[in-house]
Amino acid sequence: MNLVTAVLVCFMIASVPVCIFGLMLISGERSELKKMTELSETGIEVRSRLVRLEPFGPRGYASVTYDFPTPTGGTARHNTGVNFGSAHVVGDEYPLVHHPTNTKIVHMGTMSTVRQERGRRKGYVRGAQRIAVLSFAAGVLATIGLIVSPS
């Protein structure tokens, strides 16, 4: 086995997990893009109130709970983790965008930040597609190279 054959075998073997990783990224990022698209098209921007702030761990993280009004007149809660800092004060109001029918689809920020996040997610999906296609192409070329190369 010469050096060329060894390199081609390594490329062929390495391309499989990289392609699978790219496909996993595509599915996850596509679902997040779908959520951001729904929020940018039908989302409702409201003011949410920080009602609970619990620091956890030694690295400056906190668990926070926000209350926000729903279209039906009630209130809903959104729990998330944040980097703890002086910007978070219990009782203060923060912008929040939520889906009109499903209050579980939430984005902390304004409609402008929802559109920015949607653009970022589109870029992430394109990047994941590139990873999957290029690793598949590298595996195919390495396989062809192994078939064609004289041993």
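Everything here concerns the structure above.
Residues numbered from 1 in each chain as written. Predicted model: local features only at pLDDT ≥ 70, side-chain atom pairs only at ≥ 80, totals over all residues. Heavy atoms only, no water.

**Looking at the pairing of strand S2 (residues 61–69)**
Bridging between strand S1 (residues 44–56) and S2 involves seven bridges; their strand directions are antiparallel. Within the sheet, the bridge partner assigned to Arg52 lies in S2 and is Thr65. Between S1 and S2, which pair antiparallel one after the other, the connecting turn spans four residues, and Gly57 there sits at a positive phi close to 75°. Sheet topology note: the S2/strand S3 (residues 75–83) ladder contains nine bridges and is antiparallel. Residue pairing for S3: Pro69 is matched across the bridge by Thr75. (Pairing = 2+ DSSP bridges. Helix = DSSP H or I, 4+ residues; strand = E, 2+ residues; numbered from the N terminus.)

**What to know about the packing of aromatic side chains**
Evaluation of the coordinates by the stated rule reveals one aromatic pair. An angle of 80° between the planes, with centres 5.9 Å apart, marks the rings of Tyr66 and Tyr94 as edge-to-face. Here Tyr94 lies in strand S4 (residues 93–98) and Tyr66 lies in strand S2, a separation of 28 residues in the sequence. Classification of Tyr66 by relative accessible area gives buried; the value is 4%. You can call Tyr94 buried: its relative accessible area is 16%. (Phe/Tyr/Trp six-rings, centres within 6.5 Å; stacked < 30°, edge-to-face > 60°. Buried < 20%, exposed > 50% of the residue type's maximum accessible area, 1.4 Å probe, protein only.)

**Considering helix H1 (residues 3–42)**
Across its 40 residues, H1 extends 57 Å between first and last C-alpha, which sits within 8% of the 58 Å expected from 1.5 Å per residue. Its maximal kink placed at Ser15, H1 deviates by approximately 25°, while the proline Pro17 follows within four residues. Looking at H1, one finds that the buried residues are Thr5, Leu8, Ser15, Cys19, Gly22, Ile26, Glu29, Leu33, Met36, Thr37, Leu39 and Ser40. In this fold, the buried residues of H1 make contact with S4, strand S5 (106–108) and helix H2 (111–148). (Expected span 1.5 Å × (residues − 1). Bend = angle between axes of the 7 residues up to and from the residue. Contact = heavy atoms within 4.5 Å.)

This is a description of form; function is not addressed.
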